[in-house]
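Now for the letters of each chain:
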Amino acid sequence: VKKVFQLALGIIAAIGGFVDIGELVFNTQAGADFRYQLLWAVPVGVIGIVVFAEMTGRVATVSGRPVFDVVRMRMGLNVGLVTLVASLLINLLTLAAEVGGAAIVLQLLFDVNVSTLILLSVIALVLIVYFVPFGGIERLFGYLGCALLVYVAAAVHLKPNWHQVGQGLVPSWHSSALYAYFVVGVVGAALVPYEVYFYSSGAIEDRWSVKDLGLNRANAILGFALGGILSIALIVVAGEVFFDPQIQPGYLGTTALGAQRAFGEAGLVLALLGMLFAVGGAAVECAFSGAYTLAQFAGWEWGKYRRPREAPRFTLAWLAFFVLALVIVETGVDPVLLTEYAVILSVVALPMTYLPVLLIARDRTFMKEHANGVLANTLGWLYFAIILLVALAAIPLMLITDGGAS
Amino acid sequence: LIAAMVIAITLTACGRASSTGVQAGIKQLASISAEGALMADDVARRRSKVTFVRVHGAELSAQAEHEAEKLNDDPVSPKLEQPIHTAIELSADISGAIDDLRVSPQDREQARESEQKLRHWADEASELAEGL
């Protein structure tokens, strides 16, 4: 019973924790521009994150080594250093975008000066991270982020053409660069590296042992898959509300408007609360991921399960990330634009993150009987090929489409 | 990665001077107007929240003004001058209607009027963009 309860908790936390500002922005824009035609890109991204999250969770559980430890061990110091710098930069951009997103959502709820709300958001997040234990943080943001399920209800309520929705789930291709850009964006938003850094380090924070490998698999498959349903719901709602009037969403407020069209003020408030906790949770994940990667690369003591004085440099690192993100967002940069850059640039860094994971997870001398089976290897290499393709296409597509604007 | 980011931000931040760029700007105005109309419809049916109307309305209104500024500032060929002039006038109307909504989000009658106007201007902007 305890295992089932633990699994349920993990799944619920994953549903709320999967969607971040990148998902909110790219999925809404994808639905508004192409109605259901990009739905298939969601399962492509979700299967990818399931495959690699399961592998990183398994490697962390079996070896006690989280992803970044593995990257350095397998790829050497120089490649590890390049990956570290790239991931820290992307983490910081994403964190700034999430913090800015949280402030915007608070502003939509309370109409207070956004600069004040950015500062308050960062203070609140720092206090939560400092005082609440790791499991509590996962549950707080995961459960409250589930308010985003209002989009699933809205998708049903708006009575879409289910036949067309089904057709949208079948991969199709268009000769438009904008379509390709959103394929990269939707797939990339699901595969952002900070999720696996956090997931694998979280496995160690939660003290998973080999006995928990089933829990790891179930969490990765069910949690991310159900999170993917939220992404599909966002696309369907955007397709129903914004496609016909040719609205080009550029604000989180537009995403919230979709829920309001379905359920009025109650839908709006639920959507905003869900967004607040989803982007808040993602901000915590980003700050931790940055601190995890830095500490794991440098060989510092790390972990939320340790008291701050037992892992002082780790604690200082996540605090520094929040402060740097605060400085970036307070410059007035648009968090939605920042998100788009962060997602597209993280796509470029994906191969450096996922190749070492794949190599170590299939290594029988290291993983012994827990090494990848045929299915995990096949999916792993298939997804590595997809990741390479989207990584190569990401920057040219961003330039050609003017960042998805044309 | 840093170089790619700098190039990307620099190039995407460049102004538009082609007819495609002008068309994109006018389509953006149509989008803002259509979104304003949806918001006004919800206000008219008491299905929204005052803070949301004020904050999101301010974003949309500011964006309409920004699009007008871009259309005004970008150098274009003489044949595009008339549609740009019309688009700039439309943007002022759109921005004004959204501002009215923001000022008194409890006024359902005014919201209904704004909704109809914004819907009409969205169509007008779309037609203008398609005609280029």
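Residues numbered from 1 in each chain as written. Chains lettered and ligands numbered in written order. Predicted model: local features only at pLDDT ≥ 70, side-chain atom pairs only at ≥ 80, totals over all residues. Heavy atoms only, no water.

This part takes up the confidence of the model for chain A. For chain A, mean pLDDT is 90; residues scoring 70 or higher make up 96% of the total. Within chain A, the element-level pLDDT minimum falls on helix H1 (residues 2-18) of chain A, averaging 61, and the maximum on helix H7 (residues 150-157) of chain A, averaging 98. (pLDDT = per-residue confidence, 0-100. Helix = DSSP H or I, 4+ residues; strand = E, 2+ residues; numbered from the N terminus.)

So, about the interface of chain B and chain A. Counting from both sides, the interface comprises 32 residues of chain B and, opposite them, 37 residues of chain A. Together, the buried faces of chain B and chain A total about 3,100 Å²; carbon and sulfur atoms form 63% of this surface. Between chain B and chain A we count two salt bridges in total. Between Asp42(B) and Arg261(A) there is a salt bridge; the shortest N-O distance is 3.1 Å. Put simply, chain B and chain A have 16 residue pairs in polar contact (both at pLDDT 80 or more) between them. Residue assignment for the side of chain B that touches chain A shows that the elements contributing at least two residues are helix H1 (2-13), helix H2 (19-44) and helix H3 (50-73) of chain B. The element best represented in the side of chain B that touches chain A is H2(B), accounting for nine residues. Among the residues forming the side of chain B that touches chain A, the class breakdown is 14 nonpolar, eight polar and ten charged. (Contact = heavy atoms within 4.5 Å. Buried area = accessible area lost by both parts, 1.4 Å probe. Salt bridge = Lys/Arg side-chain N within 4 Å of Asp/Glu carboxyl O. Polar contact = N/O pair within 3.5 Å; in protein donor to acceptor, adjacent residues only side chain to side chain. Nonpolar A, V, L, I, M, F, W, Y, C, P; charged D, E, K, R; others polar.)

What follows covers the state of the cysteines. Residues and elements named next belong to chain A. Summed over all chains, the structure comprises zero disulfides over all chains. With no disulfide of its own, Cys-146 lies 19 Å from the sulfur of Cys-286, the closest cysteine sulfur. Owing to a relative accessible area of 15%, Cys-146 belongs among the buried residues under this scheme. Given the relative accessible area of 1%, Cys-286 is considered buried. (Disulfide = S-S within 2.5 Å. Buried < 20%, exposed > 50% of the residue type's maximum accessible area, 1.4 Å probe, protein only.)

What follows deals with the nonpolar core. Residue and element names in this part refer to chain A. Formed by 184 residues in total, the largest nonpolar core has its most connected members in Tyr-151 and Phe-288. Counting residues per element, this core draws most heavily on helix H12 (residues 252-298), at 22 residues. Aside from chain neighbours lying at most four places away, what touches Phe-288 is Val-129, Phe-134, Ile-137, Phe-198, Lys-304, Phe-314 and Trp-318. (Core = buried A, V, L, I, M, F, W, Y, C linked by side-chain atoms within 4.5 Å.)

All names here are of chain A. Going through the model one piece at a time under the given rule, you end up with 24 aromatic pairs over all chains. Their ring planes at 50° and their centres at 6.2 Å tell us that Phe-141 and Phe-277 sit as a pair that is tilted. In this pair, Phe-141 is assigned in helix H6 (residues 134-145) and Phe-277 in helix H12, connecting sequence segments 136 residues apart. Looking at Phe-141, the relative accessible area reads 8%, which means it is buried. For the ring pair Tyr-199 and Trp-208, a centre distance of 6.1 Å and an interplane angle of 80° mean the geometry is edge-to-face. Residue Tyr-199 shares its accessibility class with Trp-208, and that shared class is buried. (Phe/Tyr/Trp six-rings, centres within 6.5 Å; stacked < 30°, edge-to-face > 60°.)

Another aspect to go through is H6(A). Residues and elements named next belong to chain A. With twelve residues, H6 extends 16 Å from end C-alpha to end C-alpha; this agrees with the ideal 16 Å at 1.5 Å per step. Along H6, the positions that sit buried rather than exposed are Phe-134, Gly-135, Ile-137, Phe-141, Gly-142 and Gly-145. Down the axis of H6, the smallest arc covering the buried residues is 160°, so these residues share one side. (Expected span 1.5 Å × (residues − 1). Arc of directions from axis to C-beta.)

Another point: H7(A). All names here are of chain A. Listing the buried residues of H7 in full gives Val-150, Tyr-151, Ala-154 and Ala-155. Around the axis of H7, the buried residues are gathered within 140° of arc, so they sit on the same side. Contact partners of the buried residues in H7: helix H8 (162-168), helix H11 (213-242) and H12. Just beyond H7, the residue with positive phi is Lys-159, at close to 50°.

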